[in-house]
Every structure is written in structure tokens, then in C-alpha cells.
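A closer look at the structure
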Amino acid sequence: LNPRTSEFSKRSQALQSKLEDNQESLTAQERAVEETREAMALAKETVKQTGRQIAHAEALVESSKQSLSQVKKKAKHLPSMLKQAGRKYEQTSGRYAKFRSGPLATYLAYRPVRQVDDDEDLKEEDEEATQR
């Protein structure tokens, strides 16, 4: 009975030791699986976030392309618009010069001249100086 008990005791200790080793190994594997799951979740979130950033960047690029297209169209018409503005300026300058030399000059030449006393001139000059 004694040899069997000692044999049983040895085997039970060996099995107990093996069980503890297996439990430690299982715990380590569970930790590794959990870390892998966390890494996978983090990677999925990173992929989603990167996808959103890419979509946003693509939208910005598309709007920039449209803006560039509009600017190119406007730039294409700019020289003709400048020429037209120059022609309008020249026409307006000519009309203004004609007015200055025509009706305005006639009015200024024939307008009634006011008689002013010397005292009134001094008062007006004093008033203008105080207003400045």
C-alpha cells in the first residue's frame, strides 16, 4: 500500500504541476488573444478613421478642381474684360472732356459774378479756417 501511495503521490504531484503549467499557458494565451482583439479593434478604428480622412480629402480635391476650373474660365476672359473696361474708360474720359469744354465751360464763362465786399471775404476765410 505504501509503494502505491508514494507512486500515486508522485503522479498526482506531476499532474498537479502539469495542470499549473497548463493553466499558466492558458492564461498567457488568453492574454495574447485579448491583446490581439484590442489590436484588431484599434486597427479597424484606424482604418475607418483613415477612410473618413481620405473621403474628406477627396471631397476637398474635387471642390478645388471645380474652383480651379472656374478660375481658369475667368482668367481666360480677363484680357477681353480689361480691354472692354479700358474702352469704357476712354469713352467716359472723352465724354467728360467734352462736357468740361462744352456746356460746363459755357456755364462757367457766363455765370453771374457776385460782388463781394472785402469784409465779407475776410469773414468767409476766417470761417473756413475755423472749420478746418
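Above this text you will find the structure in question.
Structural notes, computed from the coordinates.

**Remarks on the overall build of the protein chain**
Scanning the protein chain from N- to C-terminus turns up 3 helices and 0 strands. Ordered by position from the N terminus, the helices and strands of the protein chain form the series α-α-α. In the protein chain, which comprises 132 residues, the proportion classed as buried is 1%. As presented, the protein chain carries roughly 12,800 Å² of accessible surface, and 56% of it is formed by carbon and sulfur atoms.

**Brief notes about a nonpolar patch on the surface**
On the surface, a nonpolar cluster with roughly 300 Å² of combined accessible area is contributed by Leu78, Met81 and Leu82. Topologically, Leu82 is positioned in helix α1 (residues 2–101). Taking relative accessible area as the criterion, Leu82 reaches 55% and is therefore assigned exposed.

Calculation rules
- Residues numbered from 1 in each chain as written.
- Predicted model: local features only at pLDDT ≥ 70, side-chain atom pairs only at ≥ 80, totals over all residues.
- Heavy atoms only, no water.
- Helix = DSSP H or I, 4+ residues; strand = E, 2+ residues; numbered from the N terminus.
- Buried < 20%, exposed > 50% of the residue type's maximum accessible area, 1.4 Å probe, protein only.
- Areas by Shrake-Rupley, 256 points an atom, 1.4 Å probe, with all protein chains shown as cover.
- Patch = residues over 30% accessible without salt bridge, like charges linked within 9 Å, V, L, I, M, F, W, Y side chains within 5 Å.
- Salt bridge = Lys/Arg side-chain N within 4 Å of Asp/Glu carboxyl O.

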